[in-house]
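Residue strings, one per chain:
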Amino acid sequence: MDTKIKPQLNTFKTEIFEGLSSFPKHLSSKYFYDKKGDRLFQEIMAMPDYYLTGCEFEILSTYTETIGEYFRDRENGLDLIELGAGDGKKTKVLLKYMAENNFNFVYKPIDISENAVELLSNNLAHEMPTLNVDAEVGEYFEVLERLKGFNKRKKVIMVLGSNIGNLKHPRAIEFLSKLKDTMLPEDLLFMGFDQKKNPLTVLNAYNDEAGITEAFNKNVLARINRELGGDFDLEKFKHWEVYDPETGTAKSFLVATEAMKITIEKLRLTVNFEQWETIHTEISQKYDDKIVNWLAEESGLIIEKSFTDSQEYYKNYLFR
Ligand code: AVI
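Residues numbered from 1 in each chain as written. Predicted model: local features only at pLDDT ≥ 70, side-chain atom pairs only at ≥ 80, totals over all residues. Heavy atoms only, no water.

## With respect to the side chain of Asn316
- Within the secondary structure, Asn316 is located in strand E13 (residues 314-319).
- Classification of Asn316 as buried rests on a relative accessible area of 0%.
- Within the local environment of Asn316, its side chain forms a polar contact with the side chain of Glu56, the two groups lying 2.9 Å apart.
- Beyond its immediate sequence surroundings of up to four residues, Asn316 is in contact with Glu56, Ile59, Leu160, Phe190, Met191, Gly192, Lys305, Ser306 and Phe307. (Helix = DSSP H or I, 4+ residues; strand = E, 2+ residues; numbered from the N terminus. Buried < 20%, exposed > 50% of the residue type's maximum accessible area, 1.4 Å probe, protein only. Polar contact = N/O pair within 3.5 Å; in protein donor to acceptor, adjacent residues only side chain to side chain. Contact = heavy atoms within 4.5 Å.)

## As for the UniProt feature "domain: Histidine-specific methyltransferase SAM-dependent" (unreviewed entry) in the protein chain
- Mapped onto this numbering, the UniProt entry gives "domain: Histidine-specific methyltransferase SAM-dependent" (unreviewed entry) at residues 12-320.
- End-to-end, the C-alpha atoms of residues 12-320 are 34 Å apart, and along that stretch the chain is 40% helix and 25% strand. (UniProt positions renumbered as here; feature names shortened; annotations may be inferred.)

## Some thoughts on the packing of aromatic side chains
- Under the definition given, this model contains 20 aromatic pairs.
- Seen in terms of ring centroids, Phe232 and Phe273 are 6.2 Å apart; in terms of plane orientation they differ by 70°. Their pairing is edge-to-face. A residue pair is termed long-range when its members are at least 10 positions apart, and Phe232 in the loop between helix H10 (212-228) and strand E7 (237-244) and Phe273 in strand E10 (residues 269-273) qualify at 41 residues.
- Given the relative accessible area of 3%, Phe273 is considered buried. (Phe/Tyr/Trp six-rings, centres within 6.5 Å; stacked < 30°, edge-to-face > 60°.)

## Concerning the site of the ligand
- Looking at the ligand, there are 13 residues lining it, with Tyr50, Asn166, Tyr206, Glu282 and Ser284 nearest.
- A distance of 2.5 Å separates an oxygen atom of the ligand from a polar side-chain atom of Tyr50.
- Protein burial of the ligand: of its 340 Å² of free accessible surface, 98% is covered by the chains.
- For the shell around the ligand, the secondary structure elements donating two or more residues are helix H2 (35-46), H10 and strand E11 (278-285).
- Tallied by class, residues from the shell around the ligand come to 6 nonpolar, 6 polar and 1 charged. (Near = heavy atom within 4 Å. Areas by Shrake-Rupley, 256 points an atom, 1.4 Å probe, with all protein chains shown as cover. Nonpolar A, V, L, I, M, F, W, Y, C, P; charged D, E, K, R; others polar.)

## Quick word on unusual backbone geometry
- With an omega of -5°, the peptide bond running from Phe23 to Pro24 counts as cis.
- Positionally, Pro24 belongs in the loop between helix H1 (9-21) and strand E1 (25-26).
- Located in the positive-phi region is Asn102, a residue other than glycine, with phi close to 60°.
- Tracing the backbone shows Asn102 in the loop between helix H5 (91-100) and strand E3 (105-111).
- One non-glycine residue with positive phi stands out, namely Arg268, at about 45°.
- Relative to the assigned elements, Arg268 resides in the loop between strand E9 (260-264) and E10.
- Residue class for Arg268 comes out exposed when judged on its relative accessible area of 80%.

## Some remarks on the sheet that holds strand E4 (residues 136-137)
- In spatial order, the strands read E4-E3-E2-E5-E6-E13-E12; together these 7 strands make up an open sheet with mixed pairing. Across the chains shown, the open sheet's two edge strands, defined by having one partner strand only, are E4 and strand E12 (303-308).
- Packing of helix H4 (residues 64-71) onto the sheet brings it into contact with strand E2 (78-83), strand E5 (154-159), strand E6 (188-194), E12 and E13, and relative to E12 it is tilted by some 160°. (Pairing = 2+ DSSP bridges. Axes fitted to C-alpha atoms, helices over the stretch in contact; angles between N-to-C directions.)

## Section: the packing of helix H8 (residues 169-182) against helix H11 (residues 289-299)
- Two numbers describe how H8 lies on H11: the axes approach to 8 Å, and their chain directions differ by 55°. The orientation of H8 relative to H11 falls into the category oblique. The hand of the H8/H11 crossing is right-handed. Residues His169, Ile173, Leu176, Ser177 and Lys180 of H8 lie in contact with H11, whose contacting residues are Ile291, Trp294, Leu295, Glu298 and Ser299.
- Taken together, the residues of the contact of H8 with H11 sort by class into 5 nonpolar, 3 polar and 2 charged. (Parallel < 35°, antiparallel > 145°, perpendicular 65-115°, else oblique. Left-handed = near helix turned anticlockwise from the far one by under 90°.)

See below:
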């Protein structure tokens with residue numbers, strides 16, 4: 001496996017220091033993902049309440065041929081680049097179609113998690129041995145520059161799972177604009193956007209009773225303990241989710257249930273918490289066509305087509 005870009009330990013340290021020294025406190029959800037976080041996220045994706053995965057799988061399975069044929073270039077083939085590939089379960093539907101229908105292509109999965117990339121590479125080598133795979137570890141924004149190097153033939157960039165929802169709008173526009181800057185006129189961007197819906201359905205997706213989402217959210221504290229010598233008592237924090245149906249923003253928090261003092265050895269940092277003080281950890285933005293149109297316009301992208309599931313919970317958009 002190719003691991004050219006590794007997330008920097010120093011960035012982790014700096015961002016944790018800054019986030020816990022701010023008021024209100026915040027930590028980035030990108031730090032949920034290590035071996036344990038990846039496993040928890042897999043469990044989340046398998047929960048019925050976390051409808052996103054099933055809906056996107058339904059879309060990819062229903063429209064495999066239509067989507068695949070948009071991707072095809074009969075002359076020179078294509079590079080299929082997937083950002084945030086994870087376990088690739090949904091992508092495999094498309095990969096199988098492409099492999100079975102004489103597409104000439106290289107599949108380039110990129111994920112922030114070294115562990116996820118390794119698992120996916122091994123799994124594909126086993127399940128689809130003839131597939132041409134060139135995997136990479138890296139963060140979205142770090143990797144974007146490198147996409148410009150893929151301009152020798154058509155490229156299709158895929159971002160599934162509504163991963164864009166973990167970025168606030170200005171950052172999402174920055175991300176989409178940078179993607180657009182790497183694209184030539186024949187290139188495509190295929191991206192999943194979870195849609196606004198019954199607020200309770202959204203809330204339940206991030207609030208399971210088994211506590212899997214809670215453990216996922218708290219994994220950032222577990223990582224600080226393990227990797228930076230922190231002494232967070234995870235039991236003293238409560239997972240809290242809110243959803244604002246007006247803006248479509250779901251927000252996750254960790255709430256201190258009592259006043260406490262935390263020390264993080266490797267940061268030489270002491271952090272004081274008052275009772276009920278919060279750490280904001282994640283946003284999961286929900287969209288509608290208006291918002292996606294606006295994001296596209298701001299980023300210089302054009303929506304070519306969109307696909308939705310039978311409940312219209314989720315949409316995949318194809319941009320030029
Ligand atoms: C990866 N990302 C799109 C997920 C989401 O829905 O925001 C992460 C997640 N957080 C809690 N549950 C799942």
